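Architecture and fold: a report
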Amino acid sequence: MRLVTVVGLISAGLVLAGCGSEAVSGDAETEGVAAGEPVFSPCDDIPDGLLTQLGLDPATESRDILGVAQPGWKLCRWPGSDHSVTVLATTRTVEEVRANTRNVDFVDQRIGGRGSFTYREATDSRRETCDVAFRTGEGTTIVRIGLFEVNQQSGDPCQLAIQTATTLEPVIPG
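Residues numbered from 1 in each chain as written. Predicted model: local features only at pLDDT ≥ 70, side-chain atom pairs only at ≥ 80, totals over all residues. Heavy atoms only, no water.

Time to look at the nonpolar core. Judged by nonpolar contacts, the single largest core of 24 residues is most densely connected at I46, W78, V87, V132, F134, V143 and L168. Residue assignment for this core shows that the elements contributing at least two residues are α3 (48-53), β2 (73-79), β3 (83-90), β6 (129-136), β7 (139-147) and α5 (157-168). Per element, the largest residue contribution to this core is 5 residues, and it comes from α5. Each residue touching V132, except ones within four places of it in the same chain, is listed here: I111, S116, F117, T118, T141, I142, V143, A161, I162 and A165. (Core = buried A, V, L, I, M, F, W, Y, C linked by side-chain atoms within 4.5 Å. Buried < 20%, exposed > 50% of the residue type's maximum accessible area, 1.4 Å probe, protein only. Helix = DSSP H or I, 4+ residues; strand = E, 2+ residues; numbered from the N terminus. Contact = heavy atoms within 4.5 Å.)

Written out as structure tokens, the structure is:
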């Protein structure tokens, strides 16, 4: 059941972060590794030592959504003892993430000397998740925290997202 919930949250997150199909006209331009794909690959570019520092087991990584790549996105998830960490890289801009009406509660942050912001998904009535978004060249990298249970011991997912993003920020491209 937990896997179904996690997959649903990640899938919803892609939609809520601005993923979707749009009509495109004109000539294609190459950006990143392949046209339309982010340069940053969380599963490949985040060192195991940083994951261990966060209390995560690098061997538990899951790539994409049930191993299926999502066009314009690269994502990697690691389950912890009481929360999961998902890092999403996309060609979507931070302006698109911020303009998405499904995202709410924006709070500007300064992490590692660079601008970022936290936000929640409007559908997260239990306040189980929180995202930190960074500009990554032409795109965005999002660090998402998802609590497995919401109780007094679990704390604020946004504070945990900020702490996690602070640890990962040095490897997130500018």
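Let's shift gears to the state of the cysteines. Covalently bonding the sulfur atom of one cysteine to the sulfur atom of another cysteine gives a disulfide. This structure, assessed with the given rule, holds 2 disulfides. Linked covalently through their sulfurs, C43 and C76 form a disulfide whose S-S length is 2.0 Å. Residues C43 and C76 are joined by a disulfide whose S-S torsion is about 100 degrees; by sign, that bridge is right-handed. In this pair, C43 sits in helix α2 (residues 42-45) while C76 sits in strand β2, placing the two residues 33 residues apart along the sequence. Considered together, C43 and C76 belong to a single accessibility category, that of buried residues. Between the sulfur atoms of C130 and its disulfide partner C158 the distance amounts to 2.0 Å. Judged by the sign of its S-S torsion, about 90 degrees, the cystine formed by C130 and C158 is right-handed. Of this pair, C130 sits in strand β6 while C158 is found in helix α5, placing the two residues 28 residues apart along the sequence. The same class applies to C130 as to C158, namely buried. Each disulfide in the protein links cysteines that, numbered along the sequence, combine into the pattern 1-2, 3-4. (Disulfide = S-S within 2.5 Å.)

For the rest of this paragraph, the subject is the confidence of the model for the protein. Looking at the protein, pLDDT values average 83 and 78% of them are 70 or higher. Looking over the protein, one finds the lowest element-wise mean pLDDT in helix α1 (residues 2-16), namely 44, and the highest in α3, namely 97. Below pLDDT 50 for its whole length, residues 1-33 participates in 50 contacts with residues either more than four positions away or in separate chains. (pLDDT = per-residue confidence, 0-100.)

A separate point is the pairing of β7. Among the 9 residues of β7, 9 are classified as buried, and the element is accordingly described as predominantly covered. Bridge count between β3 and β7: 8 bridges; the pairing is antiparallel. Directly across from T90, in β7, lies its bridge partner T140. Sheet analysis places β6 next to β7, joined by 8 bridges and oriented antiparallel. From the neighbouring strand, R135 faces β7, where its bridge partner is T140. (Pairing = 2+ DSSP bridges.)

Within β6, 7 of the 8 residues are buried, which leaves the element mostly enclosed by the surrounding structure. Of the strand pairs in this sheet, strand β5 (residues 114-121) and β6 are connected by 4 bridges, and their pairing is antiparallel. Along β6, the bridge assignment pairs T118 with V132.

Within the open sheet, the 7 strands sit side by side as β1-β2-β3-β7-β6-β5-β4. Their pairing is antiparallel. Strands with a single pairing partner mark the edges of an open sheet, and in this sheet they are β1 (62-63) and β4 (103-111).

A separate point is the environment of F106. Relative to the assigned elements, F106 resides in strand β4. On the accessibility criterion, F106 (26% relative accessible area) is partly exposed. When neighbours within four sequence positions are excluded, F106 is seen to be in contact with V97, R98, F117, T118 and Y119.

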